[in-house]
Structure formats: C-alpha cells, structure tokens
Amino acid sequence: MILDRTADWHTHSSLTDGADTWEDMAAAASMAGLHTLGASDHVRRETSWLPEYVAQIRALDRRVDLRVMCGVEAKILDSSGRLDIPAAAPPLDYVLVADHQFPAADGPQHPSAVRARIEADPATARDVVDTLVTAICKAVALSPAPAVVAHLFSIVPKVGLGEDAISDEHVHALAAACVAAGAAVEINEKWRCPGAAVVQGLVDRGVRIVAGSDAHRAGDVGRWVYLDELESRILP
Ligand SMILES: [Zn+2]
Ligand SMILES: [Zn+2]
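Let us look at the structure shown here. (Residues numbered from 1 in each chain as written. Chains lettered and ligands numbered in written order. Predicted model: local features only at pLDDT ≥ 70, side-chain atom pairs only at ≥ 80, totals over all residues. Heavy atoms only, no water.)

## Thoughts on the environment of Phe153
Here's step 1: Here Phe153 shows up in the loop between β7 (147–149) and α5 (155–158).
Here's step 2: Taking relative accessible area as the criterion, Phe153 reaches 2% and is therefore assigned buried.
Here's step 3: Measuring from C-alpha to C-alpha, the distance between Phe153 and Ile166 comes to 9.0 Å, with 13 residues separating the pair along the chain.
Here's step 4: In this structure Phe153 touches Asp99, Leu132, Val133, Ile136, Glu163, Ile166, Leu174 and Val198, once residues within four positions along its chain are discounted. (Helix = DSSP H or I, 4+ residues; strand = E, 2+ residues; numbered from the N terminus. Buried < 20%, exposed > 50% of the residue type's maximum accessible area, 1.4 Å probe, protein only. Contact = heavy atoms within 4.5 Å.)

## Observations regarding the pattern of salt bridges
Here's step 1: Within this structure, the stated rule accounts for 15 salt bridges.
Here's step 2: The partner of Asp84 in a salt bridge is Lys75, with the nearest N and O atoms 2.8 Å apart. Pair check on accessibility: Asp84 and Lys75 agree, each one buried.
Here's step 3: The salt bridge partner of Asp220 is Arg217, with a shortest N-O separation of 3.3 Å. (Salt bridge = Lys/Arg side-chain N within 4 Å of Asp/Glu carboxyl O.)

## Digging into the coordination of the zinc ion (ligand 1)
Here's step 1: Protein ligation of the zinc ion (ligand 1) involves Glu73 (OE), His100 (NE2) and His151 (NE2), the donor distances falling in the range 2.0 to 2.2 Å.
Here's step 2: Of note, the zinc ion (ligand 1) draws all its donor residues from one chain, in the sequence arrangement E-x26-H-x50-H.
Here's step 3: A gap of 3.4 Å separates the zinc ion (ligand 1) and the zinc ion (ligand 2), which Glu73 links by coordinating each metal. Of the two residues, Glu73 is situated in strand β3 (residues 67–75) and His151 in the loop between β7 and α5; the sequence distance between them amounts to 78 residues. The residues Glu73 and His151 share a single accessibility class, namely buried. (Donors = N, O, S within 2.8 Å, 3.2 Å for Na, K, Ca; no water.)

## Thoughts on the packing of aromatic side chains
Here's step 1: Per the counting criterion, the structure on display carries 2 aromatic pairs.
Here's step 2: Residues Trp49 and Tyr53 carry aromatic rings whose centres are separated by 5.5 Å and whose planes lie at 70° to one another, so their mutual orientation is edge-to-face.
Here's step 3: Looking at Trp49, the relative accessible area reads 23%, which means it is partly exposed. (Phe/Tyr/Trp six-rings, centres within 6.5 Å; stacked < 30°, edge-to-face > 60°.)

## Points about the packing of helix α4 (residues 125–142) against helix α6 (residues 168–181)
Here's step 1: At a minimum axis distance of 8 Å, the contact between α4 and α6 shows a crossing angle of 10°. When the interaxial angle is binned, α4 and α6 end up roughly parallel. Within the contact between the two elements, α4 uses Arg126, Val129, Asp130, Val133, Ile136, Cys137, Val140 and Ala141 and α6 uses Glu169, His170, Ala173, Leu174, Ala177, Cys178 and Ala181.
Here's step 2: Its residues assigned to classes, the contact of α4 with α6 shows 11 nonpolar, 1 polar and 3 charged. (Axes fitted to C-alpha atoms, helices over the stretch in contact; angles between N-to-C directions. Parallel < 35°, antiparallel > 145°, perpendicular 65-115°, else oblique. Nonpolar A, V, L, I, M, F, W, Y, C, P; charged D, E, K, R; others polar.)

## Notes on the sheet that holds strand β8 (residues 184–188)
Here's step 1: Ordered in space as β1-β2-β3-β4-β7-β8-β9, the 7 strands form an open sheet in which the pairing is parallel. Each edge of the open sheet carries a strand with a single partner, namely β1 (7–11) and β9 (208–212). On average, each strand axis in the sheet is inclined to that of its neighbour by 30°, with strand direction left out of account.
Here's step 2: Across 5 bridges, β3 lies against strand β4 (residues 94–98) in parallel orientation. (Pairing = 2+ DSSP bridges.)

## A few points about the coordination of the zinc ion (ligand 2)
Here's step 1: On the protein side, the zinc ion (ligand 2) has His10 (NE2), His12 (NE2), Glu73 (OE) and Asp214 (OD) as donor atoms, found 2.0 to 2.4 Å from it.
Here's step 2: With 4 donor atoms in place around the zinc ion (ligand 2) and angles of 77 to 169° between them, the coordination shape is irregular.
Here's step 3: Counting residues between consecutive donors of the zinc ion (ligand 2) along the chain gives the motif H-x1-H-x60-E-x140-D.
Here's step 4: Note on His12: relative accessible area 0%, which makes it buried. (Tetrahedral: all angles 85-135°; square planar, octahedral: opposite > 155°, others 65-115°.)

## Remarks on the state of the cysteines
Here's step 1: Following the criterion strictly, the structure yields 0 disulfides and no others.
Here's step 2: Among the cysteines around Cys137, which has no disulfide bond, Cys178 carries the closest sulfur, lying 7.0 Å off.
Here's step 3: Overall, the relative accessible area of 16% leaves Cys137 in the buried class. (Disulfide = S-S within 2.5 Å.)

## Details of the environment of Thr131
Here's step 1: Tracing the backbone shows Thr131 in helix α4.
Here's step 2: Sequence separation of Thr131 and Arg117 is 14 residues, and the distance between their C-alpha atoms is 14 Å.
Here's step 3: Excluding anything up to four places from it in sequence, Thr131 contacts Ser79, Phe102 and Pro103.
Here's step 4: Engagement of the side chain of Thr131 in a polar contact is seen with the backbone oxygen of Asp127, the distance being 2.8 Å. (Polar contact = N/O pair within 3.5 Å; in protein donor to acceptor, adjacent residues only side chain to side chain.)

This is the structure we're talking about:
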C-alpha cells in the first residue's frame, strides 16, 4: 500500500475537544518526524470561529518547519450527504467527512437507535448500510473542499454490525465516488478502521489512502500502530 506515513491528516486541539494547543501539536508532529500535520478541529453549522481558526493555522504553517494543512472535521447530517459545516466556510485545504451519527433521510440518528431497529428486524441491516454508503458518496461530492473520508465505517460496529455487512458493491460505489470527487479515505488509528478487506478493495480501485491518528493530545500525533498491523496484511 502506497501511503505517506509522514503526514497525519486527523488531529484535534484544545480549541475543540483536544488537550493541547496547535503550537504543541505542531511541535509533537516535528518530534514524530512528520513533514505534514493536518489540523482538523470539529465544526458544526453554527460554528462562528472558523475565520480565526483558519488564520491561526495559516500563521502556524508559516512559523514552523513542517507543513500545517488547514482542515476541519464535519459529520454527515443526512442521507443526502449534507455536512455539518458553516455555509460560508473560508477556504480550507480539506474536510474530514465523518460518520459520527447515522445519516438518515430526516437527519442524524444516534447509532443506538439504529442498532435497536436492526435488532428488532435484522432484514433492515442491508438498508442501513445502503443508506450509509450512499450518504458518504454524496457527502464527498458536496464537500466545499477536497474530502477525506474520516474513520470510514466506524459507525458500523456501533449499530451492531460487522464489516462483513459491507458488500463488494458498496466498496465499488464508494471507490467510484471518491475517485470522481478526488477524495481520499483515511486509515484511522483511534477507531482502528476501516478493516483490511475494505482498504484492499479501495486500493485496488485507485482510491488514495491517507493516515490519521485522530490524536486528541500531542503524544498521539503520528503514532501508527493500527496502520502497521494493516500494512502487513495489505498487498503493496
Ligand atoms: Zn470523528
Ligand atoms: Zn476526529
């Protein structure tokens, strides 16, 4: 698998739910031997600090000896692929498109509600996965900046399913949408996903794969434990 291990695309600071400042995160990234740090704090539609955040990250990029990319992480709101991001976002280097909630037709649903539905009627599992994959495909196309699919299928175990619920057609649709939109898919350390079969299916179809620690503290930036395990199982 061709993947740049010197770039960490998924990190959070104390501006949102992380423990350390962007200054500390950049210093840790240098210490870890990274060439690129992707800043990706959480946003919502009503987030008002985006212009200041972008200015802060751009200034940091000029000051430090590694590249600091300015991204955000936004959840997929519904099955049409709408993202939880301010309508007038300033220019960003990328958007992490995240499956934090289940993107139902009428808006985000808590995974436990979806899990209860599947337990009551296992035949709905197929619809759930279809809706999720369709929403991700639409979200990467709608993203206001180049999309990176964050922790792909992290929601699947939360709704009580395994990655075996993801069919080859799902992977095919996802790969086609990513290639068409110029989107990448992240291998996520925190959630240890996606699994080897999905990654292999995406790689085989030409999808660009990137690494993300999902670090919420400086010590976790650029630490690749799951990535090491996965790479030993994936064809080059
Ligand atoms: Zn996330
Ligand atoms: Zn995150």
